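# Architecture and fold: a report
Spelled out, the chains give:
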Amino acid sequence: MDGIHDVGGMQGFGHTKPLTAGPPFAEPWEGKAFALGLLAIRAAGANLHAFRHAIERVPPAEYLSGYYARWLMGAQNLLQDSGVVSGEEVTARAARLSGQHAAEPAQPELRKPGMPSGGPGNLRNLDAPPAFAVGEAVRTRNLDPSGHTRLPRYVRRRTGTVIAVQPAQVFPDSAAHFLGEDPQYVYSVEFTSRELWGAGCEPFSLSIDLFEPYLEPAT
Amino acid sequence: MTAAQEHLDPALRVEALASLLTERGLIDPATVENFIKTYEKSVGPMNGAKVVARAWTDPQYRVRLLADGTAAIAELGFKGPQGEHIVVLENTPSVHHVVVCTLCSCYPWPVLGLPPSWYKDPAYRSRVVREPRMVLAEFGLMLADDVQVKVFDSSSEVRYMVLPERPDGTGHLSEDELAALVTRDAMVGVAAVSAP
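So, here is what we can say about the structure in this document. (Residues numbered from 1 in each chain as written. Chains lettered and ligands numbered in written order. Predicted model: local features only at pLDDT ≥ 70, side-chain atom pairs only at ≥ 80, totals over all residues.)

So, on to the overall build of chain A. Looking only at helices and strands, one finds seven helices and five strands in chain A. When its helices and strands are written in sequence order, chain A yields α-α-α-α-α-β-β-α-β-α-β-β. Overall, chain A is about 65 × 45 × 30 Å in size when its C-alpha atoms are taken along their principal axes. Counting only residues that meet the buried cut, chain A has 41% of its 219 residues in that class. (Helix = DSSP H or I, 4+ residues; strand = E, 2+ residues; numbered from the N terminus. Buried ≥ 20, exposed ≤ 12 C-beta atoms within 10 Å, placed from the backbone.)

Below, the discussion takes up the packing of helix 1 (residues 28–43) of chain A against helix 4 (residues 67–81) of chain A. Residues and elements named next belong to chain A. Contact geometry for helix 1 and helix 4: axes closest at 9 Å, N-to-C directions at 25°. By the angle between their axes, helix 1 is roughly parallel relative to helix 4. Considering how the two elements wind past one another, helix 1 and helix 4 form a crossing that is left-handed. Listed contacts from helix 4 to Glu30, Ala33, Phe34, Leu36, Gly37, Ala40, Ile41 and Ala43 of helix 1 are Tyr68, Trp71, Leu72, Gly74, Ala75, Leu78 and Leu79. (Axes fitted to C-alpha atoms, helices over the stretch in contact; angles between N-to-C directions. Parallel < 35°, antiparallel > 145°, perpendicular 65-115°, else oblique. Left-handed = near helix turned anticlockwise from the far one by under 90°. Contact = placed C-beta atoms within 7 Å.)

A few words on unusual backbone geometry. Outside of glycine, negative phi angles account for most residues, and trans bonds account for most peptide bonds. Residue and element names in this part refer to chain A. Even without being a glycine, Arg157 presents a positive backbone phi close to 60°. Positionally, Arg157 belongs in the loop between strand 1 (137–140) and strand 2 (159–169). Positive phi outside glycine occurs at Asp182, with the angle close to 40°. By the element assignment, Asp182 lies in the loop between helix 6 (172–175) and strand 3 (184–192). With 15 C-beta atoms counted inside 10 Å, the residue Asp182 sits in the partly exposed group.

Sheet architecture is open: seven strands sit in the order 5(A)-1(A)-2(A)-3(A)-4(A)-3(B)-2(B), paired in mixed fashion. The open sheet has two edge strands with one neighbour each: strand 5 (215–217) of chain A together with strand 2 (95–100) of chain B. On average, each strand axis in the sheet is tilted by 35° relative to the strand beside it, whichever way the strands run. Strand direction decides the pairing type here: strand 4 (residues 205–211) of chain A and strand 3 (residues 148–153) of chain B, joined by four bridges, are parallel. Counted as the bridge partner of Ser207 of chain A is Phe152 of chain B from strand 3 of chain B. (Pairing = 2+ DSSP bridges.)

Structure below.
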């Protein structure tokens, strides 16, 4: 999904924030939001990939309002999708907690996804060998799905070199939509800055971990 | 209605959600408190600093750490969520690594804890894959022209941690004293470690 979350290479965000070493949670609500997000994954019968996608679906202005704000809205999206709570219930409960009168709407009907899990975590073993080897030139496909993907815009249709074959993992593009784990090999692919940004850019290399279906042999 | 359409203050939204989920028996307030305490007290960059200090003082550990980060880090007791497969990138006088997650804010929790504000901010995530030297200079890290810059975008479940260079003049320090010098920023690759 070409959403606001896919910021790699975007311009206009200004100066970086200073490297201050603040506490993990600037306000008490942030700690609660953090915990609630992780617990919402289980309560919704979802998974980490669906949670990331639920955050990506937060509209741009709200996404940019802050990390734990978008994290919390993502958690609510997950819970709503699974019929665990409705948006109307959250609104009504928030009003009551602020001392206003609000009727509590009926609980929605549960519709939790039932994707089978291949075990804890995201690393999986595959019988088939990896399609690409270290040193091989690969090109990223011109993929542009409307759902979840871990192929960012800024590395699409680019040619790079495999520098490491990583363990096979649950395929986010599939698992985020509860279509199955469909595990895939992951490759660390290195690109030159010139390949990504053209002549005149800073000299550096960029390595990114890409799932096998994102890649094809470079010809 | 999506979560965003209600325009609730996040502090109020979290209370509303927590109260509904608790009522339905789906979360336990004690578990929420436990999560918060864990990431406030037990899991943080002090873990990664111990890994770095061990690698600086034990050459065999350094070899194991660079060959299989996850296993070598687990030797010191650090593992858990967001640490399924940790790769350690060694900075040298000629190569400098810096880590980002452009799509969200993936970060090696078992060794570094939760990510700081600047790491999650769109300015860092957007710019460090396009103008890393300028971003590092903004943070106060000036690299010589002949140092190769390698940026790592964590887009899968692999997590990256930088093994910074040991500063000169620290030969007399103990492992614990060295660990006290190592900062979170150096283990992401946006700062160098300085001698005391």
